[in-house]
Amino acid sequence: MLGLKMLGFLMLMFSMCDAAELKNQTEDVYGNEGDHVTLTCEAEGHPAPAFSWSLDGRNLMETESNLNVTIAANAMYICTATNYLGNTTKHINVYGINTNVMGAPSAITTPDPSRQRCTDADNQCHEELILNPPEVLEEYGNTVFVNCSSADNGVGMYWKVGETESPPENETSAVRELTLSDWYVTAECIKRLTETSVCRKELKITVYQNPEEVILFPTKHAAALEGTQYELQCDVVKVAPVQHLTVRWYTGSETHIKTDNFTQSKATKGLANESSTLAVILSRADNGAQFRCEAQLDFGELESPPPVISSVHTVSVHYAAELKNQIEDVYGNEGDHVTLTCEAEGHPAPAFSWSLNGRNLMETESNLNVTIATNAMYICTATNYLGNTTKHINVYGINTNVMGAPSAITIPDPSRQRSTDADNQCHEELILNPPEVLEEYGNTVFVNCSSADNGVGMYWKVGETESPPENETSAVRELTLSDWYVTAECIKRLTETSVCRKELKITVYQNPEEVILFPTKHAAALEGTQYELQCDVVKVAPVQHLTVRWYTGSETHIKTDNFTQSKATKGLANESSTLAVILSRADNGAQFRCEAQLDFGELESPPPVISSVHTVSVHYAAELKNQTEDVYGNEGDHVTLTCEAEGDPAPAFSWSLDGRNLMETESNLNVTIATNAMYICTATNYLGNTTKHINVYVMNTNVMGAPSAITTPDPSRQRTTGCPLVLTPAEIVVRFGDPASVDCSTSAKGFHSMGWEAPSGATTSNTNVTTWRVEKMKDWATKPLCYINSVDGQCYVMLRITLYKTPDSVSVSALDQGPMVEGTEYRLKCDITDVAPVQKLKVTWYRGNEAVHTESFNDTTEIQVNVSSTLRVTPKRDHDGELFRCEAELHLGPNGPERVPTKTSSPLKAVVHYAPVFTGSYSEEVNVFQGDNVTFGCSAEGHPPPEIQWSYSPGVHVTVTTRGSQKTITVTRATSTDAGVYICDATNNVRVVRRNVTLVVKDRPDSPIAKGLWWLLIPLVFVIIFVVIVLADRWKKHGQYTFVPDKPNKDDSGIPMTPQSKEATV
């Protein structure tokens, strides 16, 4: 069962969703009046799209991909294919041809079908149309002239650019000027052969823009380290079309090392930003190497524009100090002057220090002048922030006696050398003050070591340098912390051959030199796509104590990165933290910052170093506040059409009238009403475009002042002040598909007529009550009005209708992949499909039974739409397993249904992963005597359950056992080889946490009882020996064997014989 669930989850994760896409977006259909035709709207998408149809702006309430119609007059049908990822529209122009008595078709006045796009069968080209140039490749904003020619002109020849056609020319060629200020411009030459057939040829147009800028930079603001990967990034800003882009990398003068091309990118025609990266591993020989990148649009055989070249980036390669030789012997007579050399290289250049027999000489040059006096060992240390190295120079002085024989060469005093643990015979504790040093690099600190007595002497050893012994009970030493690897220990000499020592724990730190915040790509954030910021911490130590925190707004903490699991180092290092966010237009102008701090726990930590603030610019496609509008007026009225749209960058506008470009670029258009017409406004920025359809209807009045019939609602005719009409009810709320009826009555006398105007349910009456009634309310645009004609003229009242539809579905899904991680923002999405009106919708999010977020919508769209709400969650571990759901409610006011229409999603179970936390008791240090057994365990909890791993130096006495989630180490018969640090790591996919246990193995002291037993045992041994001697003597006298007789045998054989006792027989 679990496997099936996991398979389903993986299928969900890897399924690809695509927005609805039509196979073609325009089509012309011709036929005689009365013909029955089927209009097709072929679209694909995932999920499969839903369809809707409208006729001249009126919703037809049809939901199939095909629509059966009867041709009556010229009309424009619009099919919209929609899924939750977006929608797309197809315009189908239907043209009806009237026939006269003879059956000949009458002239078609608007529009001319012969000038519309034909199918391949209609393209009856008997000879080729010649285009000059045959293909256009030109930079955005430029102008180009194109010519189309043929052997004869047929009935006429002209150009169609976009939806705009030029007047036909009775010539064998047609010239057109193209201004390439539209990325999606299209152009075709059309030759009309007859009134009903054409020959056409499309001009291939490629509009390009060379990169605005090419920026080369390292992905981390730090020098390259020898032997580690160093990455450069080349950002290409505002280039089009990206599928023709090639980026080339060079080093040195002209050495080509890499090429990236973007031919596999999704074909786009607008501006885009792209990046190419180069990863190299450098050595010290590459120090000073120069890199550059260049971006070029490659159009093959056509002439390509020149490349845009980045600035040159020079690499600085850092490497540790290194000596040419590490041991040297120098010989000379006493009194000779010699120069000791310490040749080392490194980047940065190393600093030098010298010591003599452990004593710091305070010399900082690479050479040292000395006078030979006695045998001595000089040590030179070369240091940079990447490490240090030492050279030992043994200087031997030779004394000559009268005969010229060299004197003996002495060697260093062994009593001053480091002892083993067995030598560390501390009978009492040495007290260090301070007990631990935490200080910034380069500072000076005084340390004191004290004891109840001084033994033979007390002194400090710093590195390899020992201070002179002091016959005091304390020793003070000044430490200059200019060495990352400084060590110090206090030594108390108990005798000439034994010492007591205690090491001082020293942490040398340096607060970050700089904290730099920058986007990983030099481009604006795009709404709904991932945007990544990087925080570089430059020259900080020690890195394992570093914590980086991210903030947005004033003080909203959104992420923490720590480097406690980094390899323990003592020198300067550079580190980076990244933050990936998905932004919306509401985040435009949001501010981010990061701060880096060294955290030393209970010790006082230095203040954080804070980056500059980075303000995000979020770009999003142009979007209209509403996409359809109806405008009514009398012939000759002057009206202003508005096209309110927002976008970043701000959109540019264009207007067309029944397919003809009006060359207007403002968001408002002033027109004079003449006939019914459809104006289309297009709002465009580089991320896309959107269109608004505005239907303008003309209202004529007859002689009596009664309005002529209109087929769609007319808000401009509404006049309620002083009009003697009463609607019962005055306002209705109707569910989509339900019946509706409203009475209109008057108390006026002597009126001519009254009635209802509406697409369906229209009436005319001479009585004082008339009823508007529909069986199924399915027209979103219906705005019925009741009118009355009287001697005082005409007045009317419009019925206020709220047509609502409950959602087809409400569902919750995750926008971010994978499980939630504690402390990391996660986004959930609630999709509500086919709901109306959206401005009455309220979405409430619940975690369990607790409401955590509510959202309303300001969209004024009246038709059914798909909307979504996003919940941003920063989960905690106790949210694991909780259920998230969303609830959609339509609040329709006092005239709505008694129970608020509500639909609730299925719950989404939260899976929250969190870092391991150690459980159980814990001691940082465990002390045992040699030969003892000791056990310490390690267990942790987390999600997923962590894996426990012990790390320690291998020992024959150590075993590891596992019971449940706990791993236990057992040391049997402990010895000094088992002493040391035992590290427990608890690991899951969120983090690794660590704790250390130090095992100290001490010598077992002699007990008083054991000493007493020895004193008793010694006299007991003497007593036993005395008893044995006495018994032996007695046994000899009673016939025991002897090997040497008192007298020789009679046979003088010399062979020893044994006399018989009286009781014995032979």
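Residues numbered from 1 in each chain as written. Predicted model: local features only at pLDDT ≥ 70, side-chain atom pairs only at ≥ 80, totals over all residues. Heavy atoms only, no water.

### Quick word on the overall build of the protein
Thought 1: For the protein, the count of helices and strands is 2 helices and 87 strands.
Thought 2: The burial tally for the protein puts 40% of its 1066 residues in the buried class.
Thought 3: Approximately 58,400 Å² of the protein is accessible, and the part contributed by carbon and sulfur atoms is 51%. (Helix = DSSP H or I, 4+ residues; strand = E, 2+ residues; numbered from the N terminus. Buried < 20%, exposed > 50% of the residue type's maximum accessible area, 1.4 Å probe, protein only. Areas by Shrake-Rupley, 256 points an atom, 1.4 Å probe, with all protein chains shown as cover.)

### Overview of the sheet that holds strand β28 (residues 327–333)
Thought 1: Spatially, 5 strands are ordered β28-β35-β34-β31-β32 in an open sheet, and the strand pairing comes out mixed. The open sheet terminates on both sides in strands that have one partner only, identified here as β28 and β32 (359–360).
Thought 2: Bridge count for β28 against strand β35 (residues 387–398) is 7 bridges, and the pairing is parallel. What sits directly across from V330, in β35, is V395. (Pairing = 2+ DSSP bridges.)

### A short note on the packing of aromatic side chains
Thought 1: Taken as a whole, this structure holds 11 aromatic pairs when the rule is applied.
Thought 2: Centre to centre, the rings of Y140 and W183 are 4.3 Å apart; their planes meet at 20 degrees, and the pair counts as stacked. Linking Y140 in the loop between β11 (135–139) and β12 (143–149) with W183 in the loop between β15 (173–179) and β16 (187–192), this pair joins segments that are 43 residues apart in sequence.
Thought 3: According to the relative accessible area criterion, Y140 is partly exposed, its value standing at 30%.
Thought 4: Geometrically, the ring pair formed by Y952 and Y982 is stacked, given 5.5 Å between the ring centres and 25 degrees between the ring planes. Here Y952 is found in the loop between β83 (947–951) and β84 (958–963), whereas its partner Y982 is found in strand β86 (residues 980–987), with 30 residues between them in sequence.
Thought 5: Owing to a relative accessible area of 29%, Y952 belongs among the partly exposed residues under this scheme.
Thought 6: Among the aromatic residues, those joined into a cluster by ring pairs are F936, W950, Y952 and Y982.
Thought 7: It is R593 that lies over the ring of Y551; its NZ or CZ is 4.4 Å from the centre.
Thought 8: Taking the ring centre of Y846 as reference, the NZ or CZ of R885 above it sits at 4.2 Å. (Phe/Tyr/Trp six-rings, centres within 6.5 Å; stacked < 30°, edge-to-face > 60°. Lys NZ or Arg CZ within 6 Å of the ring centre and 35° of its normal.)

### Here's the deal with the state of the cysteines
Thought 1: Across all of its chains, the model carries 11 disulfides by this definition.
Thought 2: In this model, C234 is linked to C293 through a disulfide, with the two sulfur atoms separated by 2.1 Å. Taking the sign of the S-S torsion, 80 degrees for the link of C234 and C293, the bridge is right-handed. With C234 in strand β20 (residues 229–239) and C293 in strand β24 (residues 290–297), this pair connects stretches of sequence that are 59 residues apart. (Disulfide = S-S within 2.5 Å.)

### Side note on the sheet that holds strand β17 (residues 198–208)
Thought 1: Spatial strand order, β11-β17-β16-β13-β14: 5 strands in an open sheet with mixed pairing. Both outer strands of the open sheet, β11 and β14 (164–165), are each paired with one neighbouring strand and no more.
Thought 2: Here strand β13 (residues 156–161) pairs with β14 via 2 bridges, running antiparallel. Within β14, the residue paired with K160 across the bridge is E165.

### What to know about the nonpolar core
Thought 1: In this structure, L245, V247, W249 and L282 are the most contacted members of the largest nonpolar core, which totals 28 residues.
Thought 2: Contributing elements (two or more residues each) for this core: β18 (213–218), β20, β21 (245–251), β23 (272–281) and β24.
Thought 3: In terms of residues, this core owes the most to one element, β20, which gives 5 residues. (Core = buried A, V, L, I, M, F, W, Y, C linked by side-chain atoms within 4.5 Å.)

### Comments concerning the environment of A851
Thought 1: Positionally, A851 belongs in strand β75 (residues 850–856).
Thought 2: Along the backbone, A851 and R885 are 34 residues apart, and their C-alpha atoms lie at a distance of 9.6 Å.
Thought 3: Those residues in contact with A851 that lie beyond four places of it in its chain are T844, W845 and Y846. (Contact = heavy atoms within 4.5 Å.)

### Notes on a nonpolar patch on the surface
Thought 1: On the surface, L1017, L1020, V1021, I1024, I1025, V1028 and I1029 cluster together to form a nonpolar patch covering roughly 620 Å² of accessible area.
Thought 2: By secondary structure assignment, the location of I1029 is in helix α2 (residues 1008–1037). (Patch = residues over 30% accessible without salt bridge, like charges linked within 9 Å, V, L, I, M, F, W, Y side chains within 5 Å. Salt bridge = Lys/Arg side-chain N within 4 Å of Asp/Glu carboxyl O.)

### Description of the pairing of strand β43 (residues 499–509)
Thought 1: Taking burial as the measure, the 11 residues of β43 include 8 buried ones, the bulk of the element.
Thought 2: The pairing of strand β37 (residues 436–440) with β43 spans 5 bridges and is classified as parallel. Across the sheet, residue L438 finds its bridge partner in β43, namely T507.
Thought 3: Bridging between strand β42 (residues 488–493) and β43 involves 6 bridges; their strand directions are antiparallel. Paired with K492 across the two strands is C500, which belongs to β43.

### Some points on the side chain of T968
Thought 1: Residue placement: T968 occurs in strand β85 (residues 966–971).
Thought 2: Looking at T968, its side chain comes within polar contact range of the side chain of Q966, at 3.2 Å. (Polar contact = N/O pair within 3.5 Å; in protein donor to acceptor, adjacent residues only side chain to side chain.)

### Some points on the pairing of strand β60 (residues 677–685)
Thought 1: Summarising burial for β60: 8 of the 9 residues are buried, a large majority.
Thought 2: Pairing between strand β57 (residues 652–657) and β60: 6 bridges, direction antiparallel. If you follow F653 over to β60, its bridge partner there is A683.

### What about the environment of P729?
Thought 1: The residue P729 is located in the loop between β62 (725–728) and β63 (731–735) in this model.
Thought 2: Since its relative accessible area comes to 38%, P729 is described here as partly exposed.
Thought 3: When the C-alpha positions of P729 and V742 are compared, they lie 6.2 Å apart, and in sequence the two are 13 residues distant.
Thought 4: Those residues within four positions of P729 in sequence are excluded, and the remaining contacts are S741, V742 and L799.

### Focus on the confidence of the model for the protein
Thought 1: When pLDDT is averaged along the protein, the result is 80, and 84% of the positions lie at 70 or above.
Thought 2: Contacts of residues 700–720 to residues separated by more than four positions or lying in other chains number 48 contacts, the stretch itself having pLDDT below 50.
Thought 3: With pLDDT under 50 throughout, residues 1040–1066 is counted as low confidence; its partners more than four residues away or in other chains account for 8 contacts. (pLDDT = per-residue confidence, 0-100.)

### A word on the environment of Y787
Thought 1: Within the fold, Y787 resides in strand β68 (residues 785–790).
Thought 2: Accessibility expressed as a relative area gives 8% for Y787, which makes it buried.
Thought 3: The spacing of Y787 and E757 is 30 residues in sequence and 7.7 Å in space, taken between C-alpha atoms.
Thought 4: The residues touching Y787, leaving out its near neighbours within four places in the chain, are L725, S753, M754, G755, W756, E757, T763, T764, Q794, C795 and Y796.

### Topic: the side chain of T770
Thought 1: Tracing the chain through its elements places T770 in strand β67 (residues 769–774).
Thought 2: Since its relative accessible area comes to 5%, T770 is described here as buried.
Thought 3: With sequence-adjacent residues up to four places away left out, T770 is seen in contact with V742, D743, C744, M754, G755, W756, T763, S765 and C786.

### Here's the deal with the pattern of salt bridges
Thought 1: Per the stated rule, a full pass over the model turns up 30 salt bridges.
Thought 2: A salt bridge links E345 to R284; the nearest nitrogen and oxygen atoms lie 3.4 Å apart. Residue E345 is located in strand β30 (residues 344–347), and its partner R284 is located in the loop between β23 and β24; the two are separated by 61 residues in the primary sequence.
Thought 3: You can call R284 partly exposed: its relative accessible area is 25%.
Thought 4: Through salt bridges with shared partners, a single network forms among E226, R284, E322 and E345.

### What to know about unusual backbone geometry
Thought 1: Of note, the bond from N433 into P434 is cis; its omega dihedral lies within 30 degrees of zero at 0 degrees.
Thought 2: Following the sequence through the fold, P434 ends up in the loop between β36 (431–433) and β37.
Thought 3: Residue P837 is reached from A836 by a cis peptide bond, and omega for that bond is -10 degrees.
Thought 4: Phi at M663 is positive, roughly 60 degrees, even though this residue is not glycine.
Thought 5: Position of M663 among the secondary structure elements: in the loop between β58 (660–661) and β59 (668–672).
Thought 6: Exposure remark for M663: the relative accessible area of 62% places this residue in the exposed category.
Thought 7: Phi at R973 is positive, roughly 50 degrees, even though this residue is not glycine.

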